[in-house]
Amino acid sequence: MRIQHKTTAEKAGKSAHRDGGISFHYLLTGEDNAKDNFVLALVETTDEYSTPRHHHNFEQVRLMLDGDFEYEPGHVQRQGSVGYFSEGTYYTPKGLGRSVALILQVGGATGYGFMSHNKLRKGSAKLAATGKFEDGIYTWFDEQGKKHNADGYAAAWEHVMGAPVVYPKPRYERPVIMFPENFQYLQDADTTGLAVKELGRFNERCLQIRQVRMDAGSDYGVDCSQQSQLFYVLSGSGNVEQQPWQAESAFQGEKGESISIHADEPTELFVIGLPVFDN
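Residues numbered from 1 in each chain as written. Predicted model: local features only at pLDDT ≥ 70, side-chain atom pairs only at ≥ 80, totals over all residues. Heavy atoms only, no water.

Peer 1: What is the right way to read the overall build of the protein chain from this model?
Peer 2: From N to C terminus, the protein chain includes two helices and 22 strands. The proportion of buried residues among the 279 residues of the protein chain is 51%. Residue pairs at least 24 apart in sequence account for 64% of intrachain contacts in the protein chain once pairs closer than 6 positions are excluded. Entry remark: accessible area of the protein chain is about 13000 Å², with carbon and sulfur atoms responsible for 46%. (Helix = DSSP H or I, 4+ residues; strand = E, 2+ residues; numbered from the N terminus. Buried < 20%, exposed > 50% of the residue type's maximum accessible area, 1.4 Å probe, protein only. Contact = heavy atoms within 4.5 Å. Areas by Shrake-Rupley, 256 points an atom, 1.4 Å probe, with all protein chains shown as cover.)

Right under this line is the structure:
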């Protein structure tokens, strides 16, 4: 079990491969080179943030905590909504004033993995010494003076991984936007004071998204034997395995373990089950 709080989380600004208007509080990270490698971060954007239309070779979940965010021209993810951005699905993100989102990026179902932000930042910085990143595009000149353009992320991936990025065919036509307020909490039959909103389960690797509500004084035993689970505290306070948490804390029940969560006061948790790569 691992736990992190926003107040002590590592902070960082933009990477060299993108323009400005974005900053991060890194809450939890996975294991480099693992198929389910991930980063869970609080991400703030402003009007300055925009990228070209692009897609990923990894999955993304975006919970809008404060403000709105445009993900396609004319399509806005509103405060309180949850977005699932599947590997291979195109989108065109753009900041709409200040917004704060909880964002998970994790290796997609195809199994290409996820390049950590640490590797991305280092790779982009090295490329910036021999070329230029602008508007999400990396431009450089070869030894014959010929100009080349590439998507900034794709250029960083190839530099870090030593092979061109491969994008899977999209499983979904566009990002999936969910409205948690329109789902019902259902009482857990086995645990007093526990209720669950099941928001979605995606693809053959079983990426799961849900919210959990706990009454004050209740206990929640979580079986992570088959699937690693990430928890972000929307409200409330308590402890997990005797370690205290509060609003804006995040913790992970790692695959193969069981954890015990206790709520000192009424609590809501946002929960993501990471993709499973057993075969």
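There's plenty left to go through after this.
Peer 1: Explain the sheet that holds strand β20 (residues 249-253) here, please?
Peer 2: The strands that make up a sheet pair up through hydrogen bonds in the backbone, lying either parallel or antiparallel. Taken in spatial order, the seven strands of this open sheet run β1-β20-β17-β22-β15-β14-β13, and their pairing is antiparallel. Looking at which strands have only one partner, the edges of the open sheet turn out to be β1 (2-5) and β13 (186-187). The pairing of β13 with strand β14 (residues 194-202) spans two bridges and is classified as antiparallel. Its bridge partner being in β14, Gln 187 is matched across the sheet by Ala 195. (Pairing = 2+ DSSP bridges.)

Peer 1: Hey, could you run me through helix α1 (residues 117-128) in this one?
Peer 2: Counting along an α-helix, one turn takes 3.6 residues, and residues three or four places apart therefore face a common direction. Along its 12 residues, α1 runs 16 Å from first to last C-alpha, staying within 8% of the 16 Å computed at 1.5 Å per residue. Here α1 has its buried residues at His 117, Leu 120, Gly 123, Ser 124 and Leu 127. Looking straight down α1, one finds that the buried residues subtend no more than 130° of arc, so they occupy a single side. Structural note: α1 exposes Lys 122 and Lys 126 on the side pointing more than 90 degrees away from its buried face. (Expected span 1.5 Å × (residues − 1). Arc of directions from axis to C-beta.)

Peer 1: Looking at this model, I keep getting lost on the side chain of Gln 252. Mind explaining?
Peer 2: Tracing the sequence through the fold places Gln 252 in strand β20. The buried category is assigned to Gln 252, whose relative accessible area is 5%. Here the side chain of Gln 252 touches Arg 2 through a polar contact of 2.4 Å, side chain to side chain. Polar side-chain contacts of Gln 252 include one of 2.7 Å to the side chain of Ser 228. When residues no more than four places from it in sequence are discounted, the contact partners of Gln 252 are Met 1, Arg 2, Leu 28, Phe 38, Ser 228, Gln 229, Leu 230, Glu 257 and Leu 274. (Polar contact = N/O pair within 3.5 Å; in protein donor to acceptor, adjacent residues only side chain to side chain.)

Peer 1: Would you take a moment to explain the nonpolar core for this structure?
Peer 2: Here is a general trend for soluble globular proteins: nonpolar side chains tend to be buried in one another's company. Within the largest apolar cluster, 24 residues are counted, with the highest numbers of intra-cluster contacts made by Val 61, Leu 104 and Phe 270. Excluding anything up to four places from it in sequence, Phe 270 contacts Val 61, Leu 63, Val 82, Leu 102, Leu 199, Ile 209, Arg 210, Gln 211, Leu 230, Phe 231, Tyr 232 and Leu 234. Residues Ile 22, Met 64, Tyr 153 and Ala 154 belong to the second largest nonpolar core, which totals 21 residues. (Core = buried A, V, L, I, M, F, W, Y, C linked by side-chain atoms within 4.5 Å.)

Peer 1: Looking at this structure, I do not really get the packing of aromatic side chains. What am I missing?
Peer 2: Given two aromatic rings, one states the distance between the centres and the angle between the planes to describe the pair. Enumeration over the complete set of coordinates arrives at 14 aromatic pairs. For the ring pair Tyr 84 and Phe 202, a centre distance of 4.1 Å and an interplane angle of 25° mean the geometry is stacked. A residue pair is termed long-range when its members are at least 10 positions apart, and Tyr 84 in strand β7 (residues 82-85) and Phe 202 in strand β14 qualify at 118 residues. For the pair formed by Tyr 84 and Phe 202, the shared burial category is buried. Members of the aromatic cluster, each reached through a chain of ring pairs, are Phe 58, Phe 114, Tyr 153 and Trp 157. Arg 62 extends its terminal NZ or CZ atom over the ring of Phe 69, reaching a point 4.1 Å from the ring centre. (Phe/Tyr/Trp six-rings, centres within 6.5 Å; stacked < 30°, edge-to-face > 60°. Lys NZ or Arg CZ within 6 Å of the ring centre and 35° of its normal.)

Peer 1: So what exactly am I meant to see when it comes to the pattern of salt bridges here?
Peer 2: Where side chains of opposite charge bring their charged atoms close, a pairing between them can arise. For the coordinates displayed, the defined rule picks out nine salt bridges. When the shortest N-O distance is used, the salt bridge between Glu 72 and Arg 174 registers 3.7 Å. Of the two residues, Glu 72 sits in strand β5 (residues 58-72) while Arg 174 sits in the loop between α2 (152-161) and β12 (176-178), which places them 102 residues apart along the sequence. Residue classification places Arg 174 among the partly exposed positions, given a relative accessible area of 38%. Taking the shortest distance from any N to any O, the salt bridge between Glu 87 and Arg 171 comes out at 2.6 Å. Taken together, the residues Glu 87 in the loop between β7 and β8 (94-107) and Arg 171 in the loop between α2 and β12 connect sequence positions 84 residues apart. Residue classification places Glu 87 among the buried positions, given a relative accessible area of 0%. Residue Arg 171 is classed as partly exposed on the basis of its relative accessible area of 34%. (Salt bridge = Lys/Arg side-chain N within 4 Å of Asp/Glu carboxyl O.)

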